[in-house]
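Chain by chain, the residues:
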Amino acid sequence: MDQAEQLRNVIKLRNQNFVDIARVITVTSGKGGVGKSNVSVNLAAKLSQAGKRVIIFDADFGLANVEVMFGVVPEYTLADMIYDGHTIKDIITRGPRDIDFISAGSSVDGLNNLTPEQIHFLVHKIDELNSMYDFIIIDTGAGISDQVMEFVASSSEIILVTTPEPTSITDSYSLLKALYKRKNFVPDNSRIKIIANKVTSRDDANIVYNKINSVVMQFLKGKLEYLGYIPSDPSVERAVRQQQIVSICEPSSKASRAYDDITEKLLGNEATQNTVKKSIAHIFSSFLKKQ
């Protein structure tokens, strides 16, 4: 039995034994500059305020958006665990309000050359996060690179961040079109939720959602869920410039209140998640096998 088969058996056994696993939410976007990482950190902040144990995995290899927004430089990254023997706890960095995060650093090139033993070790260590957290938020890179698409295709709960700009809507559809073409993506086992960012009104957000959802229904025979919207708000830009999180530094702002609504919706439908709940180990196992 090879390492990959052993890994699949471990994940299958976990599912058969009904072991509770952390809820994994993958946040992505069709292009950069739409506020994807901002959404990730603010959702994490709101979930933490709700009493949930939250960690962000910054999978935007090389750009380190999360640590920039937190204003915290991690001592160790994913590469240090793979190559230097550090534990999963060693590479976890504490951000504001007890929000933890792991930085992938620039280790994506090294992931192409991992041995089966190293892959087994990495997935086994990543799996430890299930007992440590209630929510794991994967902040992917932007666009439709193989790395991004593999994270998205392997996930059961996906948040797609878009804006009213025509190019953002087009790029969001391009991502979804590429996703539906992937052999390992099973639409019935995944829920794709739209957040409309930088909108002027609720009606504006509904238009954004309806545009994307209509083409997905017509051409991909799929369906998206509307999770909510974040209004254009100067407080967001102020927070970014100060390397702060708007939900924390300006809790009464329009953007912060919008994140309250989205988080409440996320927590409210927790009990109605689809039965195929994919663990962080499953997602990383699929990702690494494609590298």
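Located above this text is the structure these notes cover.
Residues numbered from 1 in each chain as written. Predicted model: local features only at pLDDT ≥ 70, side-chain atom pairs only at ≥ 80, totals over all residues. Heavy atoms only, no water.

Participant: Is there a simple way to think about the packing of helix 8 (residues 166-181) against helix 9 (residues 202-220) in this case?
Facilitator: Angle between the axes and distance between the axes: these two values describe a pair of packed helices. At a closest axis distance of 10 Å, the pairing of helix 8 and helix 9 adopts a crossing angle of 30 degrees. As far as their axial angle goes, helix 9 and helix 8 are roughly parallel. Crossing of helix 8 against helix 9: the hand is right-handed. Here helix 8 contributes Ile169, Ser172, Tyr173, Leu176, Lys177 and Tyr180 to the contact with helix 9, which in turn contributes Val208, Lys211, Ile212, Val215, Val216, Phe219 and Leu220. (Axes fitted to C-alpha atoms, helices over the stretch in contact; angles between N-to-C directions. Helix = DSSP H or I, 4+ residues; strand = E, 2+ residues; numbered from the N terminus. Parallel < 35°, antiparallel > 145°, perpendicular 65-115°, else oblique. Left-handed = near helix turned anticlockwise from the far one by under 90°. Contact = heavy atoms within 4.5 Å.)

Participant: Sorry, what's going on with helix 9 here?
Facilitator: Working note: α-helix, 3.6 residues per turn, so residues spaced by three or four point in the same direction. The end-to-end C-alpha distance of helix 9, which contains 19 residues, comes to 26 Å, matching closely the 27 Å that a straight helix rising 1.5 Å per residue would cover. Considered for burial, the residues of helix 9 that qualify are Asp204, Ala205, Val208, Tyr209, Ile212, Asn213, Val216 and Leu220. Looking straight down helix 9, one finds that the buried residues subtend no more than 160 degrees of arc, so they occupy a single side. Buried positions along helix 9 lie against strand 6 (157-162), helix 8, strand 7 (191-199) and strand 8 (225-231). (Expected span 1.5 Å × (residues − 1). Buried < 20%, exposed > 50% of the residue type's maximum accessible area, 1.4 Å probe, protein only. Arc of directions from axis to C-beta.)

Participant: What is the right way to read the sheet that holds strand 7 from this model?
Facilitator: Through backbone hydrogen bonds, the strands of a sheet pair up, either in parallel or in antiparallel fashion. The 8 strands are arranged 3-4-2-5-1-6-7-8 in an open sheet whose pairing can be described as mixed. Each edge of the open sheet carries a strand with a single partner, namely strand 3 (92-94) and strand 8. Averaged over all pairs of adjacent strands, the angle between their axes in this sheet comes to 25 degrees, without regard to strand direction. In this sheet, strand 6 lies alongside strand 1 (residues 23-29) in parallel orientation, the contact comprising 4 bridges. Residue Thr28 lies in a different strand from strand 6, and its bridge partner there is Leu160. Against the sheet, helix 8 makes contact with strand 1, strand 6 and strand 7, and its axis sits at roughly 155 degrees relative to strand 6, the strand it touches most. (Pairing = 2+ DSSP bridges.)

Participant: What's the story with the pattern of salt bridges in this structure? I'm lost.
Facilitator: Under the counting rule described, the total for this entry stands at 12 salt bridges. Close ionic contact of Arg182 with Glu150 constitutes a salt bridge, the shortest N to O distance being 2.8 Å. Remark: Glu150 occurs in helix 7 (residues 146-153) and Arg182 occurs in the loop between helix 8 and strand 7; sequence separation between them is 32 residues. A salt bridge links Arg191 to Glu225; the nearest nitrogen and oxygen atoms lie 2.7 Å apart. Residue Arg191 is located in strand 7, and its partner Glu225 is located in strand 8; the two are separated by 34 residues in the primary sequence. For Glu225, a relative accessible area of 26% puts it in the partly exposed group. Salt bridges here are not isolated pairs; linked through shared partners, they connect Arg23, Glu157 and Lys193. (Salt bridge = Lys/Arg side-chain N within 4 Å of Asp/Glu carboxyl O.)

Participant: What am I meant to see in the environment of Val39 here?
Facilitator: Tracing the sequence through the fold places Val39 in helix 2 (residues 36-49). With 122 residues separating them along the chain, Val39 and Val161 place their C-alpha atoms 7.9 Å apart. Setting aside anything within four residues of it in sequence, one finds Val39 in contact with Val27, Val161, Ile195 and Tyr259.

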